[in-house]
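These are the residues of each chain, in order.
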Amino acid sequence: MARFGMVIDTAKCVGCQDCVVACKTENNVPEGFCRDWIKTEVTGTFPTLHMEIRSERCNHCSDAPCVSACPTGASHYHDVGGIVLVDHEECIGCKACIASCPYDARFVHPEGYVDKCTFCVHRVEKGMDPACVSVCPTHCMHFGDLDDPDSEVNKLLNSRKHHALLPEAGTKPNIFYLT
Amino acid sequence: MAISRRRFLKITGATFGAVAATSAINPVIKGAKKIEEKTVKPVKGIVKIPTYCDICFWKCGAVAYLKDGKLWKIEGNPEDPLSKGRLCPRGTGGIGAHYDENRLKAPLLRKGSRGKEEFVQVTWDEALDFIARKMKKIKSDYGPESMVLFSHGVGGTFFKHLMKAYGTPNLTAPSFAQCRGPREIGFDLTYGDAIGSPERTDLKNAECIVLIGSHIGENMHNTQVQEFSAAVEKGASIIVVDPRFSVAASKAKYYLPIKPGTDIALLLAWMNVIVNEKLYDEEFINKYAFGFEQFKYEISKYTPEWAYIETTIEPELIRKTAREMARYKPATIVHPGRHTTWYGNDTQRSRAIALLNALMGNWGKKGGFYLPYKYEIPKYPYPPYPKPAREAADNPNHKYPFAEGEKLSTGLREATLTEKPYPIKGWFVYGTNLTQSLPNRKETIEAIQKLDLIVVVDVVPSEIAGWADVVLPESVYLERYDDLNTPLFREGFVSLRQPVVDSPHDQKPNWWIAKKLGEKLGLQKYFPWKNIEEYLDTRLKLAGLSLKELKKKGVIKAPEEPVYLDKNEDPEFYTPTGKIEFYSLQLKEKGFDPVPKYTRPEEPPAGYFRLLYGRAPVHTFSKTQSNKLLSDLMQENELWINADVARRMGIKNGEYVRLKNQDGIVSNKVKAKVTERIRTDCVFMVHGFGQQSKMYRKTFEKGASDSQLITRYKVDPIMGGTGMNVNFVTIEWEV
């Protein structure tokens, strides 16, 4: 059973937002909304600073609170790789999932349903990388099966220091950041 | 080795003609016409068409996707050596240019006074007849030299051709005197060769990269960013010098938070250490340097302790970073930057960078400056152009002795204002928003008032369009062909821009506009081709290729050539001495310092900050702000201000403020970005915002304009570049 995830190298990311634009065009995300975004965290005082730039999105958690919170079953784990998806037809727009997501990854689409990153499941099913991964000019993003010990993502996790976001939330996120 | 290198052409002098009388402006007013929207024939399913991007000037190879006949997305072309299959965010958002609701839709003729943005819609025939009539009159009254073409980007090709055929030598682009000019001249004076675009920097193989005033990563020149990131991955040692903790600084092993305007002091001190400690490539210097002993003597006084006072960089850090560079030579590169018009001493600054690189012995070496080559495609066999009776008006009496090859845009503005050395009566403006791209907007507007004709060709109603007599709406790059792209690069190739979709309204491609106008001016012999396909195919056939083949592939590569010198191969330097000129007799002869010297820049008065500007990854100049995909990511710019300073002044993050410069100019409101990432003596904003064109609705007064505040500029006496980091501002609360 595959478990899809991403490994993102913050040492290479320049925060250019190409991933954000690519997602918007690939998935026709309406103006004013985005499914992925850039977060910049600065610590220290000038000039001794540390900055981490991260491309963030739904973490496609293995223990996803949005799936548990959904009263209709619209939010669900996809058969392929455990990708967390929202069935637009089943969604009643109650926003329980939005309240439960510790990553603020979801929004209400102007057409009334809740929307978020799909890991570009339509591409992944064809063996392609998600759009954000495929466009990145710094090659800082990697997509693959975290359950496969030989996958590129696992090799990266085994060889580099990394962290996930809000591990304390206990949601078992599947996006990891190399530092 | 058949390596073609870019060389500057020296322009020979000519005599100056007499001054004729001025003519009055007589605008034609026509009723507005309704434009019928075109409909695109839908083709079911996905269609992929290769082309090259135009959101900036990098010209990345791309593949556009149509879904059921509608433009869906655009990706990098994997075959293209510049993009390698990946575009930058602007390129990825390029389809937003086609869908932009703010686009110019039909030709416009001015109705009210200039700058009032009052126009009537006219037909192409009416617009071009008006322009042709005016241009003919200018030619007969003042001579063809009285027309100036300001252009930017490959789309200017056919207008350059038109203007040469018309007979003017005054063709210019602000990308020289307002951007990369000092760098090209600084390197040309040192190596006899320019850096060129794309830069010939072998970043991906460098083991040590020094960025001084170059914010790669925020500046999204695609190949540069890709190679920089590859170098970071390989563990290259990065040294970043910037008053602002840039994105690149966050990747650096050493960050040097330099006081703005003191780069030359640091560069001299670095060279002082490298020479004193004999860390340079001795064999290389012995073989290829001219005037090294004089240089050595000149720089002996610039110790790190001396530089500390000027730059605020600790002497030990200067020594450590100098040794770091030397450790990795020749795979160390001090990036020459691109936009280098800052303090008016910029050619000497670039010379110092060129010399520091020379100490690393990196010319023609892996990880240094590679030797680029190109796919040689012959030019179209046009008849010869008429020889202008007068030389270009941008640099009378060669006031700036090394302003060679390219014309000074600010020089032509000056000539327009003063009518010296002869009157300039017409401006044809293509793809450059002059009120934002030239310093001191007031001078630009005053110069416009002296004109009999100003034509602007653009895709959106930019500020400069608001000042035009005639505005011509151009098709965006996804709707047109352009000339072939054959840059000097690490791989020679030819790439094609071709239409992917129809223009939605009455927009026309530049080649069509130039040809039609040429015919109306009686210059039809210069436009012998029926359409651009015929032009492109003729050029390609001369190189044994065809348009049909290139349309399919988008990119064709030239046979591979070496880009590094062989072990025993000598580099060629096209300087008068045939060597790298550490001591420049050329400069000395014209009264300039033969070895770069440091002069302390003017300090901001008490309570003032130095105004710095730069780029953001999602916008190009002032031309992408109405693209919905990109404006969604950045709708306005911010004012970067040091957190301590903001605390003292009581400025909160996200609060709107205004800036007032030393000449009393007050900016639009701009959001304060209170951050640790900048020095206390300067503030920073991204260029291209705060536009004043009411027609350009989506951008009107969004953020503040650095250009508006750049009322002062310091001209580089060597080549006429305009140093623009010499303005000081105070911060006022938004009321």
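Along each chain, residues carry numbers from 1 onward, in the same order as the chain's sequence is written. Chain A is the first chain written and ligand 1 is the first ligand written, with later ones labelled in order. Only residues with pLDDT of at least 70 get local features here, since the model is predicted, and only at 80 or more are side-chain atom pairs given and counted; chain-wide, interface and lining totals rely on the full set of residues.

1. Section: the overall build of chain B
Counting from the N terminus, the helices are DSSP H or I runs at least four residues long and the strands are E runs at least two residues long. Secondary structure assignment for chain B yields 22 helices and 26 strands. Using C-alpha atoms as the atom set, the radius of gyration is obtained and then compared with a globule rule of 2.2 Å times the number of residues to the power 0.38. Its C-alpha radius of gyration of 25 Å places chain B within 12% of the 27 Å reference for a compact globule of 735 residues. Projected onto the principal axes, the alpha-carbon positions of chain B cover approximately 75 × 65 × 60 Å. Working definition of burial: number of other C-beta atoms within 10 Å of the residue's own, with buried at 20 or more, exposed at 12 or fewer, and partly exposed in between, all C-beta atoms being placed from the backbone. Here chain B, with 735 residues, has 60% of them falling under the buried criterion. In this description, any two residues whose backbone-derived C-beta atoms lie within 7 Å of each other are considered to be in contact. Considering only intrachain contacts with a sequence separation of at least 6, the fraction spanning at least 24 residues in chain B is 75%.

2. A word on the interface of chain B and chain A
Chain B puts 32 residues into the contact, and the matching count from chain A is 29 residues. Going through the elements one at a time, β3 (70-76), α1 (89-92), α6 (222-233) and α20 (628-631) of chain B are the ones with two or more residues in the side of chain B that touches chain A. Of the residues belonging to the side of chain B that touches chain A, the class tally is 15 nonpolar, eight polar and nine charged. Under the scheme applied here, ten amino acids are nonpolar (Ala, Val, Leu, Ile, Met, Phe, Trp, Tyr, Cys and Pro), four are charged (Asp, Glu, Lys and Arg), and all others, including Gly, are polar.

3. Observations concerning unusual backbone geometry
The omega torsion across Phe46 of chain A and Pro47 of chain A is 0°, close enough to zero to call that bond cis. By the element assignment, Pro47 of chain A lies in the loop between β2 (37-45) and β3 (48-56). In this structure, Pro198 of chain B follows Ser197 of chain B across a cis peptide bond, with omega equal to 0°. Examined against the element boundaries, Pro198 of chain B turns out to sit in the loop between α5 (174-191) and β8 (208-212). For Cys120 of chain A, which is not glycine, the phi torsion reads 50° and is therefore positive. Here Cys120 of chain A shows up in the loop between β7 (114-115) and α4 (121-124). The class for Cys120 of chain A is buried, based on 23 C-beta atoms found within 10 Å. We note that Glu117 of chain B has phi near 60°; this positive angle belongs to a residue other than glycine. Mapped onto the fold, Glu117 of chain B is located in the loop between β4 (108-110) and β5 (119-121).

4. A few points about the sheet that holds strand β9 (residues 162-163) of chain A
All names here are of chain A. DSSP calls a pair of strands paired once it identifies at least 2 bridges connecting them. Read across the sheet, four strands follow the order β8-β1-β10-β9 without closing on themselves; strand pairing throughout is mixed. The open sheet has two edge strands with one neighbour each: β8 (141-145) and β9. Summarising the sheet, strand β1 (residues 4-9) and β8 pair through five bridges and their orientation is antiparallel. The residue of β8 that forms the bridge with Met6 is Phe143. Contacts from helix α6 (residues 152-159) reach β1, β8, β9 and β10 (175-178), with the element oriented near 115° to β8. Each axis is a line fitted through C-alpha atoms, and for a helix only the stretch in contact is used; angles between axes span 0 to 180 degrees, taken between their N-to-C directions.

5. Here's the deal with the environment of Gly94 of chain B
Considering the arrangement of structural elements, one finds Gly94 of chain B in the loop between α1 and α2 (95-99). Through-space distance from the C-alpha of Gly94 of chain B to that of Leu630 of chain B is 8.7 Å; in sequence the pair is 536 residues apart.

6. Quick notes on the domain arrangement of chain B
Residue and element names in this part refer to chain B. Here chain B is partitioned into domain 1 (201-369 + 576-589) and domain 2 (609-733). With 18 residues of domain 1 at the interface, the matching set in domain 2 holds 24 residues. Looking at the side of domain 1 that touches domain 2 residue by residue, the classes come out as seven nonpolar, seven polar and four charged. Where each domain begins and ends is defined by an automated method or by a domain database.

7. With respect to the pairing of strand β22 (residues 670-675) of chain B
Residue and element names in this part refer to chain B. As paired strands, strand β20 (residues 638-642) and β22 are joined by five bridges and run parallel to one another. Counterpart to Trp640 in the pairing with β22 is Lys673. Where strand β21 (residues 656-661) lies against β22, two bridges are found, and the strand directions are antiparallel. Paired with Tyr656 across the strands is Lys671, a residue of β22.

8. Some remarks on helix α4 (residues 157-166) of chain B
Residues and elements named next belong to chain B. Extensive coverage of α4 is indicated by the burial of eight of its 10 residues. All buried positions along α4 are accounted for by Phe158, Phe159, His161, Leu162, Met163, Lys164, Ala165 and Tyr166. Looking at the packing, one finds that the buried side of α4 touches α3 (124-142), β6 (147-151), β7 (171-172), β13 (426-430) and α16 (510-520). Backbone geometry just downstream of α4 places Gly167 in the positive-phi region, at approximately 115°.

9. Quick notes on the nonpolar core
Residues and elements named next belong to chain B. In these notes, a nonpolar core means any group of buried Ala, Val, Leu, Ile, Met, Phe, Trp, Tyr and Cys residues linked to one another through C-beta atoms within 7 Å. Core analysis: the largest hydrophobic core is formed by 268 residues, its most contacted members being Leu268 and Val455. By residue number, the principal contributor to this core is helix α7 (residues 263-276), which donates 10 residues. Taken domain by domain, the makeup of this core includes at least three residues from each of domain 1 (201-369 + 576-589) and domain 2 (609-733). Look past the residues within four positions of Leu268 in its chain and what remains in contact with it is Ile299, Tyr302, Ala307, Ala352, Pro596 and Tyr598.

10. Let's talk about the confidence of the model for chain B
As a per-residue measure, pLDDT reflects the predictor's confidence and takes values from 0 up to 100. When the pLDDT values of chain B are averaged, the result is 94; 94% of them are 70 or greater. Contacts for the low-pLDDT stretch residues 1-37 of chain B, under 50 throughout, to residues beyond four places or in other chains number 68 contacts.

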